[in-house]
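So you can see what is in the structure, the chains are spelled out below.
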Amino acid sequence: MDKIQYKKEQELETIAEMINIYCRDIHKTDGTNLCPECQDMLDYVKKRIALCPRGGEAVSCGNCKTHCYAPKRRQKMRAIMNYSASKMLLDSPIMAIRNKIAQWFLL
Ligand SMILES: [Zn+2]
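This is a predicted model, so every value here is computed, not measured.

Where do I start with the packing of aromatic side chains in this structure?
Where two aromatic rings form a pair, the distance of their centres and the angle of their planes describe that pair. Evaluated as defined, the whole model comprises one aromatic pair. Taking the centre distance of 6.0 Å and the plane angle of 75° together, the rings of Tyr-22 and Tyr-83 count as edge-to-face. In this pair, Tyr-22 is assigned in helix α1 (residues 3–26) and Tyr-83 in helix α3 (residues 71–87), connecting sequence segments 61 residues apart. Judged by its relative accessible area of 12%, Tyr-22 falls in the buried class. Judged by relative accessible area, which is 24%, Tyr-83 ranks as partly exposed.

Looking at this structure, how should I read the nonpolar core?
Looking at soluble globular proteins, one finds that nonpolar side chains tend to be buried together. Membership of the largest hydrophobic core comes to 17 residues, with the highest contact counts inside it found for Ile-19, Cys-38, Met-77 and Ile-80. For this core, the secondary structure elements donating two or more residues are α1, α2 (36–51) and α3. With six residues, α1 is the largest single contributor of residues to this core. With near-sequence residues (within four places) excluded, Cys-38 lies in contact with Ile-19, Tyr-22, Cys-23, His-27 and Lys-76.

Just to check I follow, could you spell out the pattern of salt bridges for this structure?
If charged atoms from side chains of opposite charge come close, those side chains can pair. Counting across every chain of the model gives two salt bridges. Residues Asp-25 and Arg-24 are paired through a salt bridge, measuring 3.4 Å at the closest nitrogen-oxygen approach. A salt bridge links Glu-37 to Lys-76, with the nearest nitrogen and oxygen atoms 3.0 Å apart. Here Lys-76 lies in helix α3 and Glu-37 lies in helix α2, a separation of 39 residues in the sequence. You can call Glu-37 partly exposed: its relative accessible area is 45%.

About the thresholds
Residues numbered from 1 in each chain as written. Predicted model: local features only at pLDDT ≥ 70, side-chain atom pairs only at ≥ 80, totals over all residues. Heavy atoms only, no water. Phe/Tyr/Trp six-rings, centres within 6.5 Å; stacked < 30°, edge-to-face > 60°. Helix = DSSP H or I, 4+ residues; strand = E, 2+ residues; numbered from the N terminus. Buried < 20%, exposed > 50% of the residue type's maximum accessible area, 1.4 Å probe, protein only. Core = buried A, V, L, I, M, F, W, Y, C linked by side-chain atoms within 4.5 Å. Contact = heavy atoms within 4.5 Å. Salt bridge = Lys/Arg side-chain N within 4 Å of Asp/Glu carboxyl O.

Next comes the structure, spelled out in structure tokens:
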């Protein structure tokens, strides 16, 4: 697996975990399956990551001119992040990715 692909996989894994935590706690799902709304969000994120033209660059998404996330989705993603990030704070390897993801939504 090349480096760009690896990075994208890591990002996706992190987001999937965040959505999972959020859905389980807020939407009271069983932690195995997401509710349709969150599943839709995850599918959307997957697509965005796959299509991100900057996957391999050092430039952060905050400086990227490609607006990956539509405003409505961004709003929901923010809610997911705010909730789940606090639960993942102790998971240090994830922090760098988390910060990067946070930038996506501060555009
Ligand atoms: Zn949900």
